[in-house]
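Summary of structural features
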Amino acid sequence: IGLHHLLTVEEIFGGFANEGLLTVAAMFAVAASLRETGALNSMGDGVMGRARTESGALARMAGSVTVASAFLNNTPVVAMLLPVIDTWCRKNRVSPSRLLLPLSYLAILGGTCTLIGTSTNLVVNGMLARAMERPDVAASPALQQALEPMSLFEVTPVGIPYALAGVLYLFIVGRRLLPDRKDLIQQFGESAREYMVNMRIEPGCRLIGKRVEAAGLRRLSGQFLIEITRGEELITPVEPNQLLEENDILTFAGVVDSIIDLERIPGLVPVVDINYEAHSSKRRDSLLCEAVISASSPLVGKSIRGADFRATYNAAVVAVHRSGERLKGRLGDIVLRNGDTLLLQTGPHFGRAHHNNSDFYLVSAIQDSRPVRHDKAYISIGLLGLLIVLMATEVIPIVMAAFLIAGLMVVTRCISPGDARQSVDWQTLLSIGAAFGLGRALEKSGVVEAVITLVVDNAASFGPYAAFIALYIVTVVVTEMVSNNAAAVFMFPFAVALGIQLGANPRTFVVGVMFAASAGFMMPIGYQTHLMVYGPGGYRFKDFIRLGLPMDLVLITVATLLIPLVWPF
């Protein structure tokens, strides 16, 4: 039977107007705004704190990642923390394979604690809203009450102990099952390209009056503070108790990512030329590029200052890398050589303009190197707080609250309209929207009824509780095979139909599907955050099975015990 004979156009494409899907789209923009203003980076830096051991890092992650994921969609939380944890691993010589998979697990566990923590919960809630339109539900007050949309904290009584059980498993058992890819640690030293950069402490910088250790400059990830220039005085080596003063020039040696992190400290700016724009809000159209000087370049044999680089290329030299040599002194006095790599502050079209320029062997842009809008950080955090309040009090519908805050982020210039649009993961939204049509097709074709009959015949004879356990386990298996959102959409009709046929509370079965659809710990495709850490962590397929199978069993036990207590049959 053709799909158009089975479903109407509205049923095929109606999922793209689902409230849950639209809320997920708005939350992408909200999270991107927090990242653009540096709010997420500040939260991320606070995650690891002063942790120096693997167990200490895992403990800090457990306390912060789970909380953050309860109020921010867990996918952008992992995207924000992944480079933070990777950098911490480089600095402390810990293999990323020991921490990145726990990061994904903790983000998923935290996301189950509130309605907005994971897109799965939002999708199921959107399906509850649509279920209210069904004729059989509209005719039954009992069903209307059972299938009404959820509040922000309705799942919290189960979500918190559920998350705690997962955290305890990671600490007691999971740490022993995690792989330790020593080869990743060896790659750290091989792949690092060390630059020399001068940074000036501008008036008003939070570093003024602090000692090097207290300012956090003694143990920087991927950076080493070589010397401090104060007027005509050169301070080297730099002691931990050295006091920092306004207009001090700090000379660092480090990798690109850490230089970007230094630029994100308000009031700490690269010492390049007089035309360098220090204020981050005025550098929104600039980015960082790497350019390798060729043998035929007129720059060879000239100092950066003497080459008049800004006038020639309309770019400012921020740092210099010379293979096998740690550069010292003032940046402007460095005499350039063939093969030197320059880190440049450029306009958005520098790469395209100089791609074929014979002065350079290679020109490439640095990803995520745009200046952060620190001046908008408090606004974005305030708007996030307002979003949580609106969702908790339900003064307006959740989808309206999400779009209102996303719109205010744009209006207050925490993020540009173009960046907000680009922040949306359209592939994920398309997958969710299409899955709604598939779920409706399964329901109308009789597949749902056939499966429910099978479950009822084999499990329902032992009561609703046995049928609930069977549904939960089936949902977990489907999640491992097709991902969380698709599993939620696929299994939702089964949950409602099973509850109605057994004369039980359908909400119990719906909540079971909600938790089970977020329990894909055993396969990389079970959750999008697993795919995000798969490559950087150097994981293999068997790593997920080894760590995730016991996790699935622990959480199945916890969920099937607690959910019927909170939502009785």
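Refer to the structure printed above.
Described in the following lines is the structure provided in the data block. On a predicted model such as this, the values are computed, not experimentally measured, just so you know. (Residues numbered from 1 in each chain as written. Predicted model: local features only at pLDDT ≥ 70, side-chain atom pairs only at ≥ 80, totals over all residues. Heavy atoms only, no water.)

Regarding the overall build of the protein
- When helices and strands are counted, the protein shows 25 helices and nine strands.
- A total of 569 residues make up the protein; the buried ones form 55% of that total.
- Surface summary for the protein: the accessible area is close to 24,100 Å², and the carbon and sulfur share equals 59%. (Helix = DSSP H or I, 4+ residues; strand = E, 2+ residues; numbered from the N terminus. Buried < 20%, exposed > 50% of the residue type's maximum accessible area, 1.4 Å probe, protein only. Areas by Shrake-Rupley, 256 points an atom, 1.4 Å probe, with all protein chains shown as cover.)

What to know about a nonpolar patch on the surface
- On the surface, Val-9, Phe-13, Phe-16 and Leu-430 cluster together into a nonpolar patch covering about 390 Å² of accessible area.
- Along the chain, Val-9 turns up in helix α2 (residues 9-13).
- The class of Val-9 is exposed, set by a relative accessible area of 54%. (Patch = residues over 30% accessible without salt bridge, like charges linked within 9 Å, V, L, I, M, F, W, Y side chains within 5 Å. Salt bridge = Lys/Arg side-chain N within 4 Å of Asp/Glu carboxyl O.)

Some thoughts on unusual backbone geometry
- In the segment running from Thr-236 into Pro-237, the intervening peptide bond is cis, with an omega of -5°.
- Along the polypeptide, Pro-237 turns up in the loop between β3 (233-235) and β4 (249-254).
- At Asn-247, a residue that is not glycine, the phi angle is positive and equals roughly 75°.
- Among the structural elements, Asn-247 can be located in the loop between β3 and β4.
- Within the chain, Asn-314 stands out as a residue other than glycine whose phi angle is a positive 55°.
- Residue position: Asn-314 is located in the loop between α14 (309-313) and β7 (316-321).
- Classification of Asn-314 by relative accessible area gives exposed; the value is 58%.

A few points about the pattern of salt bridges
- Using the criterion set out here, one finds six salt bridges in the structure.
- The salt bridge involving Glu-154 is made with Arg-507; its shortest N-O contact spans 2.8 Å. Taken together, the positions of Glu-154 in the loop between α10 (141-146) and α11 (156-177) and Arg-507 in helix α23 (residues 506-516) put the pair 353 residues apart, joining distant regions of the chain. The pair Glu-154 / Arg-507 is uniform in exposure class, with both members buried.
- Between Asp-340 and Arg-322 there is a salt bridge; the shortest N-O distance is 2.6 Å. Pair noted here: Asp-340 is in the loop between β7 and β8 (341-346) and Arg-322 is in the loop between β7 and β8, with a separation of 18 residues, a long-range link.
- Owing to a relative accessible area of 2%, Asp-340 belongs among the buried residues under this scheme.
- Taken together, the shared-partner salt bridges connect Arg-230, Glu-245 and Asp-248 into one network.

Quick look at the side chain of Asn-121
- Examined against the element boundaries, Asn-121 turns out to sit in helix α8 (residues 119-131).
- On the basis of relative accessibility, which here comes to 2%, the residue Asn-121 falls in the buried class.
- Those residues within four positions of Asn-121 in sequence are excluded, and the remaining contacts are Gly-111, Thr-112, Thr-114, Leu-115, Val-155, Met-514 and Ser-518. (Contact = heavy atoms within 4.5 Å.)

Looking at helix α17 (residues 398-411)
- Look at α17: 20 Å from first C-alpha to last across 14 residues, which is about the 20 Å you get at 1.5 Å a residue.
- When α17 is considered as a whole, its buried residues turn out to be Ile-398, Val-399, Ala-401, Ala-402, Ile-405, Ala-406 and Met-409. Taken down its axis, α17 places every buried residue within 165° of arc, on the same side.
- Looking one or two residues beyond α17, the residue adopting positive phi is Arg-413, at roughly 65°. (Expected span 1.5 Å × (residues − 1). Arc of directions from axis to C-beta.)

Digging into the packing of helix α5 (residues 54-71) against α11
- Across the interface, α5 lies against α11 with an axial gap of 11 Å and an inter-helix angle of 160°. The pairing of α5 with α11 is recorded here as roughly antiparallel in orientation. Read as a crossing pair, α5 and α11 show a hand that is right-handed. Contacts between α5 and α11 involve Glu-54, Ser-55, Leu-58, Ala-59, Ala-62 and Thr-66 from the former and Val-167, Phe-171 and Arg-175 from the latter.
- Counted by class, the contact of α5 with α11 contains five nonpolar, two polar and two charged residues. (Axes fitted to C-alpha atoms, helices over the stretch in contact; angles between N-to-C directions. Parallel < 35°, antiparallel > 145°, perpendicular 65-115°, else oblique. Left-handed = near helix turned anticlockwise from the far one by under 90°. Nonpolar A, V, L, I, M, F, W, Y, C, P; charged D, E, K, R; others polar.)

Some details on the pairing of strand β1 (residues 195-201)
- In terms of burial, β1 is a largely internal element, six of the seven residues being buried.
- Looking at chain direction, β1 and β4 are connected through six bridges and run antiparallel. Across the sheet, residue Met-196 finds its bridge partner in β4, namely Ala-253.
- By the bridge criterion, two bridges tie β1 to β7 in an arrangement that is antiparallel. Following the sheet pairing, Met-196 is matched in β7 by Val-320.
- Looking at chain direction, β1 and strand β5 (residues 268-270) are connected through three bridges and run antiparallel. Note that in β5 the partner of Ile-201 across the bridge is Leu-268. (Pairing = 2+ DSSP bridges.)

Structural notes on the nonpolar core
- One finds Met-61, Ile-85, Tyr-162, Met-391, Tyr-472 and Ile-563 to be the most contacted residues of the largest nonpolar core, which totals 115 residues.
- The biggest single contributor to this core is helix α3 (residues 19-36), with 10 residues.
- Non-local contacts of Tyr-162, meaning those with residues more than four positions away in its chain, are made with Leu-109, Thr-112, Tyr-472, Phe-515, Ala-519, Leu-555, Val-558 and Ala-559.
- Residues Val-212, Ile-259, Leu-262 and Leu-268 belong to the second largest nonpolar core, which totals 27 residues. (Core = buried A, V, L, I, M, F, W, Y, C linked by side-chain atoms within 4.5 Å.)

The quantities given are spatial measurements derived from coordinates; they are silent on function.
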